[in-house]
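# Per-entry structural report
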Amino acid sequence: MKNNLVTLTDNKSVAAEAYRTLRTNVQFSSYDKEMKVITVTSSRPGEGKSTVACNMAITFAENGNRVLLVDADLRRPTVHKKFKLPNSEGIVNIILDHSQLDEIVHRDVTPGLDIITSGAIPPNPSELLGSRKNQKLIELFRERYDTIILDTPPLLAVTDAQVLTTISDGTIIVAQHGVTKKDEIMQAKDLLEKVKGNILGVVLSQIPIDDNSYYYYYSYEEKKPAPRTAKRTRK
């Protein structure tokens, strides 16, 4: 499995720079509220949300923040594969017993970045993520970290992302360039608005830069003002 962590493997690439732009846009997306807990989701599987979440976490850590990346996709977790981490225990165990946090968290996977993998897939992910125990755990994360990024399942499949949006400061929707349909994005947006989620914007994944090369390139579109077209430089 390709990890697509361009912010590590090709730090000076167009794609890596796009992630740094995304980081800046997220940081300045609100003047009144600190963007501390960020949920990353998509409308359906395979749109690149986990890749976005992982690369975002790396760029936030590069900026001097103390960052925690949590694989909250308790349906099809992939964060442990991208970073080649063990996954016998993870967020599932910590929700049930907060005292296990220090034993289970993977510290400084990259400088400044701690990671909590999913752990064993539970029979009741939505109930677990929406539990009072998980809400208290997120508050604990807020005390320990500058930025917490939650990789969550797709919105149109299950309710997990909606649940986590209610305890997040903002949510990013990932859509695959040329594949995700407009009505799927609108459905995802409607689901988040039903729970009064703060939608930060849409990230377009897998945009070809030119005919000779291909990058995982992500453009960020803010809700206000009207979306702007990202400039792309050809080699």
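The following paragraphs examine the structure supplied in this document. (Residues numbered from 1 in each chain as written. Predicted model: local features only at pLDDT ≥ 70, side-chain atom pairs only at ≥ 80, totals over all residues. Heavy atoms only, no water.)

## A word on the overall build of the chain
When its secondary structure is counted, the chain shows 10 helices and 8 strands. When burial is assessed residue by residue, the chain has 57% of its 235 residues classed as buried. As presented, the chain carries roughly 11,300 Å² of accessible surface, and 49% of it is formed by carbon and sulfur atoms. (Helix = DSSP H or I, 4+ residues; strand = E, 2+ residues; numbered from the N terminus. Buried < 20%, exposed > 50% of the residue type's maximum accessible area, 1.4 Å probe, protein only. Areas by Shrake-Rupley, 256 points an atom, 1.4 Å probe, with all protein chains shown as cover.)

## Quick look at the packing of helix α2 (residues 14-27) against helix α3 (residues 49-62)
Running from N to C, α2 and α3 cross one another at 75 degrees; their axes reach a closest spacing of 9 Å. What the angle tells us is that α2 and α3 run roughly perpendicular. Contact residues: α2 offers Tyr19, Arg20, Leu22, Arg23, Val26 and Gln27, while α3 offers Thr51, Val52, Asn55, Met56, Thr59, Phe60 and Glu62. For the contact of α2 with α3, a count of residues per class yields 6 nonpolar, 4 polar and 3 charged. (Axes fitted to C-alpha atoms, helices over the stretch in contact; angles between N-to-C directions. Parallel < 35°, antiparallel > 145°, perpendicular 65-115°, else oblique. Contact = heavy atoms within 4.5 Å. Nonpolar A, V, L, I, M, F, W, Y, C, P; charged D, E, K, R; others polar.)

## Overview of the pairing of strand β5 (residues 147-151)
Among the 5 residues in β5, 5 count as buried, and that is most of the element. A two-sided burial pattern is seen for β5, the buried positions comprising Thr147, Ile149 and Asp151 on one face and Ile148 and Leu150 on the other. Sheet topology note: the strand β1 (residues 37-42)/β5 ladder contains 4 bridges and is parallel. Looking at the pairing, Val37 lines up with Ile148 of β5. The pairing of strand β2 (residues 67-71) with β5 spans 5 bridges and is classified as parallel. When the bridges of β5 are listed, Asp71 appears paired with Asp151. (Pairing = 2+ DSSP bridges.)

## Some remarks on helix α10 (residues 182-194)
Two residues of an α-helix separated by three or four positions point the same way, owing to the 3.6 residues in each turn. With 13 residues, α10 extends 18 Å from end C-alpha to end C-alpha; this agrees with the ideal 18 Å at 1.5 Å per step. For α10, the full list of buried residues reads Glu184, Ile185, Ala188 and Leu192. Looking down the long axis of α10, one finds its buried residues gathered within 100 degrees of arc, a one-sided arrangement. The exposed residues of α10 that point more than 90 degrees off its buried face are Lys182 and Lys194. For α10, the elements touching its buried residues are α9 (160-165), β6 (170-176) and β7 (199-205). Immediately downstream of α10, the backbone of Lys196 shows phi near 60 degrees, a positive value. (Expected span 1.5 Å × (residues − 1). Arc of directions from axis to C-beta.)

## Things to note about the pairing of β7
Summarising burial for β7: 6 of the 7 residues are buried, a large majority. Handedness of the β6-α10-β7 crossover: right-handed. (Right-handed = clockwise from strand over helix to strand, strands pointing away.)

## Focus: unusual backbone geometry
Of note, Lys84 is a non-glycine position whose phi angle comes to about 55 degrees, a positive value. Among the secondary structure elements, Lys84 is positioned in the loop between α4 (79-82) and α5 (91-96). Look at Asp108: it is not a glycine, yet its phi comes out positive at around 45 degrees. Tracing the sequence through the fold places Asp108 in strand β3 (residues 106-110).

## Overview of the nonpolar core
By size, the foremost hydrophobic cluster in this structure holds 29 residues, and its most contacted members are Met56, Leu69, Phe83 and Leu113. For this core, the secondary structure elements donating two or more residues are α2, β1, α3, β2, β4 (113-116), β6 and β7. Counting residues per element, this core draws most heavily on α3, at 8 residues. Sequence-distant contacts of Met56, defined by excluding residues within four places in its chain, comprise Tyr19, Leu22, Ile38, Val40, Ile149 and Ile172. (Core = buried A, V, L, I, M, F, W, Y, C linked by side-chain atoms within 4.5 Å.)

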